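Close look at the chain arrangement
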Amino acid sequence: MKLTLSWLKEHLETAATLDQVAETLTRIGLEVEAVDDRAKALAPYRIASVLSAEQHPNADRLRVCTVDLGDGAPPTQVVCGAPNARAGMKSVFAPPGTYIPGKDITLGVGVIRGVESAGMLCSEAELGLSEDHDGIIDLPQEAPTGQAFAAYAGLDDAVIEIGLTPNRSDCASIRGIARDLAAVGLGALKHVPEPTLEGAFDLTVTVVRDLPGEEHLCPAFGLRLVRGVRNGPSPAWMQRRLKAIGLRPINALVDITNYMTFDRGRPLHVFDADKVRGNLVVRKARAGESLLALDGRTYALDESVVVIADDDGPESIGGIMGGEHTGCDEGTTNVLIESALWDPRDIARTGRRLGIVTDARYRFERGVDPNDTLPGLDIATRLVMDLCGGEPSTRMLAGAIPDTSRIITFPWSETKRLSGLDVPQAEAKVILQELGFHLSGSGMGDSVKVLPPSWRPDIEGKADLVEEIVRIAGIDRIESRPLARDRGIAKPVLTLVQKRTRSAKRTLAARGMLEAVTWSFIAKEQALLFGGGDPALEVANPIASDLSDMRPSLLPGLIRAAQRNADRGYPDVALFEVGQCFRDDTPAGQTVRAAAVRRGTARLEGAGRHWDGGARTVDVFDAKADALALLAALGMPVGSLQIVAGGPAWMHPGRSGRIQLGPKAVFGHFGELHPSVLKALDAKGPIVAFEIDLETLPAPKLKPTKARPPLALSGFQPLTRDFAFVVDAGVEAAAIVRAAQGADKALVTDVAVFDVYEGERVEAGKKSVAIAVTLQPREKTLTDTEIEAISRKIVGEVGKKTGAVLRT
């Protein structure tokens, strides 16, 4: 919602400054999102008279001008390159020290081709007013020299933008905002008399509501004809206000309806009466009907859409947008003015279905004041007569204005009970009355009966009245008190998944990755690539065609984010995300996962090239290390986990793996992305990734267990023995490692693979795997005999579990 300060003061008698108004609006719940104070930005610019414009002695396209600023000081010399600079003209002058928005520079006294220049004569483009940079601004001769240009041009009216919550439909009008400010004491709400109009002739066009059983879709429809109008441009003051809030002036009749929409929150529509065939009827559209609307688009209609039609068919989508065929233009001489009520839910449903967003829809779907239907019609009629002439007919009303009155019994003590703020009863009474609420009797008992005004459809109960009192009285008056610490308050309140989410983010960030937040929606084609595409996960009303499905994996968004960084000159990135993924549309099908991607040379030890030439691109082992580091941080028994070759279909089959604990408990996968997947996502590798399902990880055991005391550091020196085994080529090295570890759990503290060989020195179908086994004695130094015994035990255990033989 946008408004200008001067427009606000048409309804509010106040001397408050712009800053006071903005601060008060936010304080009472009408959050100010932006303030555009052009008067402040244009303050240095003054109207100047050009006394002379002589040819520059050293440049053919420059002129040396002397300008009078009207302040009694000697004329100022300015070097100007504009082709229209001439003696006797009036223009806009910027003194040294002025910021020029169109050029993004701050002026200073300079020397241009040997001639000093103390300022600048400006074009509209340089002031940021338009794209016109063909010459300096040429003002009329009656423009007063020395006056502030912003004030002269009407650019000194600040624009305030408010972010309205959906329930405050009353403040979708400038009068509604003024009413709130008056209630808080920032001024007095001006009385605007409603015009009394006598019809000069009977209305010749009738309107019928043909909505059997669904009359609530259009409870009331007011109509009046004004004949003999002259439709031209709207007056300058109206155009200025509409332009300030971002609306394009069209003609007087259309501008009046837009003005009423923002001024009083009363959307209207005007029909060129000479283009209407027969009478008007409010009905459901028929199959096959369409409408060429005022936005130039043709909309296909169906039986769910309420339209205003004549004998030729639909002429307007009720409460949303009119049709081009009966629109008003410069040739309009007779105009029908419509002021109707529409069902908020039906307006919202129709607007979403057709994809139309208008100022009228915005207000009708939130609820307009039903009691302003006919007064709004009269005010609009008076504006038409004042600006375009003509004489009005009698008005007609099809249907009836609905009675929305409701009585709320309100105990005065409710305010303190719900908010903690003790507002004196007399103050609370004044607040409600200033906001337009009617109170029965004196209102000084323990409770009072309250009648909400017709423009507040959001007031339904006692809590709503408390909110009104508290926001006007001031939330800052609520005393700050620490919460009482009851017994058990220090117990953990985070769920296991929430704890894992926090831990995962910290762990991955500590590994040099940056957190990304990507869309929860992806394109259907991408969902199919990553095991999704279930029709149940299609979004009913996607915000874009490439955001049609709920994501089955975090990886598509991360891969595209990494590629976008690469496209912008940052090829070596490491990104992670912890978020929700969707297997199906059940609650159990929604899980929290952690995923990460590394691209280019973004390895743990650093990215980019290095002077020693040692930089290398990421590979499957980087992704494996990230996944295992995360699982270790989450308390998983990393030493007991199994790495199984081969990941899901979107991973490279020979450069990926699964992480599992036993044959069924699969925790996640890691590896290099499949080339076909990268091509489908328009991404270039190398990219490696992992993804872990945080909800499938086993929960920590709650039963108390007998914990072994931690092993103290041994005072005896460890020793390492190397073993080379020949096994079948299909045996995993991890199986050899696990067998060696199990040979003597007390002495064997580490087993590491340091060589894998397949070639002519071993027979076909075999491979050599070399491991280093670390033995750590605890009680005494091992003798040679004991070492040999342990070595034989390791060889025997590995041979037993894997079929390996010691390589000779």
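Just above sits the structure.
Presented here is a report on the structure given in the accompanying data block.

This next bit is on the environment of tryptophan 342. Looking at where tryptophan 342 falls in the secondary structure, it is placed in the loop between strand S24 (334–340) and helix H8 (344–354). Take tryptophan 342: its relative accessible area is 5%, and that puts it in the buried class. Considering only alpha carbons, one finds tryptophan 342 and leucine 189, 153 residues apart in sequence, at a separation of 28 Å. Other than its neighbours up to four places away in sequence, tryptophan 342 contacts Leu217, Cys218, Pro219, Phe221, Val282, Val306, Ile308, Gly318, Gly319, Ile347 and Phe364.

Summarising the element assignment, glutamate 338 is placed in strand S24. In this structure glutamate 338 is buried but unpaired, with arginine 266 as the nearest side chain of opposite charge at 6.2 Å. Excluding residues that lie within four positions of it along the chain, glutamate 338 makes contacts with Phe221, Gly222, Leu223, Leu268, His269, Phe271 and Ile308.

Here we take up unusual backbone geometry. Cis rather than trans, the peptide bond between glycine 685 and proline 686 has omega equal to 5 degrees. Within the secondary structure layout, proline 686 lies in the loop between helix H18 (675–680) and strand S38 (687–693). The phi dihedral of aspartate 104 falls on the positive side, at around 55 degrees, and the residue is not glycine. In this structure, aspartate 104 sits in the loop between strand S8 (99–100) and strand S9 (105–106). Even without glycine at this site, aspartate 682 takes up a positive phi of about 55 degrees.

This next bit is on the sheet that holds strand S7 (residues 90–94). In space, the five strands of this open sheet follow the order S6-S5-S4-S7-S12, with antiparallel pairing throughout. One side of each edge strand has no neighbouring strand; the edge strands of this open sheet are strand S6 (76–80) and strand S12 (120–121). Here strand S4 (residues 46–55) runs beside S7; their pairing, made up of four bridges, is antiparallel. Residue pairing in the sheet places serine 49 in a bridge with lysine 90 of S7.

Every buried residue of helix H6 (residues 236–244) is listed here: Met238, Arg241 and Leu242. One side of H6 carries all its buried residues, which in axial view fall inside an arc of 95 degrees. For H6, exposure combined with an orientation more than 90 degrees from the buried face picks out Ala236 and Lys243. Contact partners of the buried residues in H6: helix H1 (5–8), helix H7 (252–263) and helix H10 (373–388). Glycine 246 sits one or two positions beyond H6 and adopts a positive phi of about 95 degrees.

We now examine the environment of threonine 298. Topologically, threonine 298 is positioned in strand S20 (residues 298–300). Residues threonine 298 and glutamate 324, spaced 26 residues apart in sequence, show a C-alpha to C-alpha distance of 9.8 Å. Those residues in contact with threonine 298, other than ones at most four positions away along the chain, are Ser290, Leu291 and Leu292.

Moving on, we get to the nonpolar core. Counting 72 residues, the largest nonpolar core has Leu8, Val21, Leu25, Ile177, Leu181 and Val384 as the members making the most contacts within it. The element best represented in this core is H10, accounting for seven residues. Other than its neighbours up to four places away in sequence, valine 384 contacts Val226, Val229, Leu253, Ile256, Val335, Ile337 and Gly389. Listed in part, the 41 residues of the second largest apolar core include Leu203, Val207, Ala220 and Ile356.

Moving on: the packing of H6 against H7. Across the interface, H6 lies against H7 with an axial gap of 11 Å and an inter-helix angle of 55 degrees. Taken as axis vectors, H6 and H7 run oblique relative to one another. For the pair H6 and H7, the sense of crossing is left-handed. Across from Trp237, Met238, Arg241 and Leu242 in H6, the residues of H7 making contact are Asp255, Ile256, Asn258 and Tyr259. Residue composition of the contact of H6 with H7, by class: five nonpolar, one polar and two charged.

What counts and what doesn't
Residues numbered from 1 in each chain as written. Predicted model: local features only at pLDDT ≥ 70, side-chain atom pairs only at ≥ 80, totals over all residues. Heavy atoms only, no water. Helix = DSSP H or I, 4+ residues; strand = E, 2+ residues; numbered from the N terminus. Buried < 20%, exposed > 50% of the residue type's maximum accessible area, 1.4 Å probe, protein only. Contact = heavy atoms within 4.5 Å. Lys, Arg positive; Asp, Glu negative; His and termini not counted. Salt bridge = Lys/Arg side-chain N within 4 Å of Asp/Glu carboxyl O. Pairing = 2+ DSSP bridges. Arc of directions from axis to C-beta. Core = buried A, V, L, I, M, F, W, Y, C linked by side-chain atoms within 4.5 Å. Axes fitted to C-alpha atoms, helices over the stretch in contact; angles between N-to-C directions. Parallel < 35°, antiparallel > 145°, perpendicular 65-115°, else oblique. Left-handed = near helix turned anticlockwise from the far one by under 90°. Nonpolar A, V, L, I, M, F, W, Y, C, P; charged D, E, K, R; others polar.

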